[in-house]
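Residue strings, one per chain:
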Amino acid sequence: MRTDRSSRGRRRWAPRAARTRIIGWVLLLVLLSLATVTLLTWRILVRETDERMAASLRAEVTEFRALVDTGLDPRTGQPFASVADVLQTVISYNQARPNEKFLGYVEGVYRFQSRIEAPVLLSQDAAFTGLVGSVTDVRSGSYASGAGEVLYVAVPVALTGSAETGVVVAAFFADAERQPADETARLMLLVGLLTSLAAAGGAWVVAGRILRPVADVAATAQGITETDLSGRIDVPDGSGDELADLSRSVNAMLDRVETGVAAQRRFVDDAGHELRTPITIVRGHLEVLDPTDPADVRETVALVDDELDRMNRIVSDLLLLAKAEQPAFVQPRPVDVAALTTEVVSKVGGLGDRQWVLEHVADLDAVLDPQRVTQAVVALADNAVHVTSPGDRIGLGSRLTGDELRFWVADSGPGVAAEDRERVFERFGRGQAGARRTDGAGLGLSIVSAIAVAHGGRVALDSVPGHGATFTLVLPAQLAPPSPDTTVDESTATADVPEPVGDHP
């Protein structure tokens, strides 16, 4: 019981576990996508920032060169007096951008800088001064300062006729310049995380609605018991997704299971109900059998043999009815209906001393199972023999009526009372006393009905009490092309055949 309870628990929580896994995987994929997009965006912004700083430094070099090459002070129009004047003019005339710094060095010593505030004072950084203060050629590179990476370009400055040397430096605090890109990436991550959480919450609700059919399947499976197989999954009309198809498939499977179990139960109930009587009869006679009396032994053996034959017929009929609910019960093929009808009439002549009359034959080829149809018509003929007397008339025939193919057996017996017309087709059903009785098990007409239903048809009954009855096997007329080797001459097939008596199909 513990195992069953545990398995039921797993089935109960399976949809929720699936829901959690789905949301977990979706959230993981979303977060990975968010991280990838954020990283790529950040790298692009950083690269654009670096390219902008590099372009700005190149532009500064060009401006420095243009100003120095003229050799004239733009404020006075006179030649520069010293390198210091050149540096001061260059730095004051070039406006530094945010996070950009201009510095001037004379003979390797710091002298001037732009007024823009900076994260750290590069002018007081001896290492930086030693790196750029005495260069003789244009130099660019990266320097790790206390405020992070610094991108710089150092341009040497000299005047004609002067031995004094100087250096003008343009520097960008790269990490500070890249800060907007970093803030954008952080904002993207924050917004993405919040959006992902909101999306996960919405997805949790949506996944619950989508997976509800799975929960219904689990609940229906848990509600199925050995005694109750009627549970089904509700499928909304118009649903065409995979889960709706799953629900329909499960419902169809449950229909087949319920049909199979019902057939099994019916077979067991019918067998137990009908076989109990002959078994009781056999046991009762064997208990009182006098083994020393040969006559008693012969009578008992004959009775037992007769009851065993009856039991064998009952079991065979029950097995046949059980097979009738299987798809392969009938095997339709093209059949010459006229030849089939004539052959059946020739077979039933041995059932009893009756006036057998072939009333009509349908001259066509139809798709049906000739063995099952023969079995049904013979069963109807046998039933007619049991309710008639020697020499009575029994008519048989076949006819195409519209889109229906009819095989009938008409007898001149006592007929079937109105209240018995439904009962005679039930298993072990018989008519009321004085109306229509047989010594069989009451399965013949049930078998006929099963054969008709398996063909997609039905059995019709037309009877007037005291004036006989006509049982008609009504099948859908599935016409087939005539077979070249089974042609029937209609004039020959209907020759010497009396006209139908009464209102036959």
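Refer to the structure presented above.
The model shown is predicted, which means the values in this text are computed figures rather than measured ones. (Residues numbered from 1 in each chain as written. Predicted model: local features only at pLDDT ≥ 70, side-chain atom pairs only at ≥ 80, totals over all residues. Heavy atoms only, no water.)

This brings us to the pattern of salt bridges. All told, the structure shown has 10 salt bridges when counted by the stated rule. For the salt bridge of Arg 97 with Glu 100, the shortest nitrogen-to-oxygen distance reads 3.6 Å. Here Arg 97 falls in the partly exposed class, since its relative accessible area comes to 39%. For Glu 149, the salt bridge goes to Arg 178, with nearest N and O atoms at 2.7 Å. Placement of the pair is Glu 149 in strand S4 (residues 148-158) and Arg 178 in the loop between helix H4 (174-177) and helix H5 (179-210), with a sequence separation of 29 residues. By relative accessible area, which is 13% here, Arg 178 ends up buried. Here the salt bridges do not stand alone but share partners, grouping Asp 50, Glu 149, Asp 175 and Arg 178 into one network. (Salt bridge = Lys/Arg side-chain N within 4 Å of Asp/Glu carboxyl O. Buried < 20%, exposed > 50% of the residue type's maximum accessible area, 1.4 Å probe, protein only. Helix = DSSP H or I, 4+ residues; strand = E, 2+ residues; numbered from the N terminus.)

Now for the pairing of strand S2 (residues 109-113). Summarising the sheet, strand S1 (residues 100-106) and S2 pair through 4 bridges and their orientation is antiparallel. In the sheet register, Leu 103 faces S2, and the bridge partner there is Gln 113. In this structure, the hairpin formed by S1 and S2 is closed by a connection of 2 residues, where Glu 107 is found at a positive phi of approximately 55°. (Pairing = 2+ DSSP bridges.)

On the surface, a nonpolar cluster with roughly 440 Å² of combined accessible area is contributed by Trp 25, Leu 28, Leu 29 and Leu 32. As for its placement among the helices and strands, Leu 29 is situated in helix H1 (residues 2-70). Judged by relative accessible area, Leu 29 falls into the exposed class, the value being 52%. (Patch = residues over 30% accessible without salt bridge, like charges linked within 9 Å, V, L, I, M, F, W, Y side chains within 5 Å. Areas by Shrake-Rupley, 256 points an atom, 1.4 Å probe, with all protein chains shown as cover.)

To continue, consider the sheet that holds strand S12 (residues 469-476). The 5 strands lie next to each other as S7-S9-S10-S12-S11, forming an open sheet whose pairing is mixed. Only two strands of the sheet have a single partner each, and these edge strands are strand S7 (355-360) and strand S11 (458-463). Strand after strand, the sheet turns through a mean of 15° between neighbouring axes, direction not considered. The pairing of S11 with S12 spans 6 bridges and is antiparallel. The residue of S12 that forms the bridge with Arg 458 is Val 474. (Axes fitted to C-alpha atoms, helices over the stretch in contact; angles between N-to-C directions.)

The strand order S2-S1-S5-S4-S3 describes an open sheet built from 5 strands, whose pairing is antiparallel. Where the open sheet ends on each side, the last strands, each with one partner, are S2 and strand S3 (139-145). Strand after strand, the sheet turns through a mean of 30° between neighbouring axes, direction not considered.

Relative to the helices and strands, Ser 82 resides in the loop between H1 and helix H2 (83-93). Ser 82 has contacts with Leu 159 and Glu 164, leaving out every residue within four places of it along the chain. (Contact = heavy atoms within 4.5 Å.)

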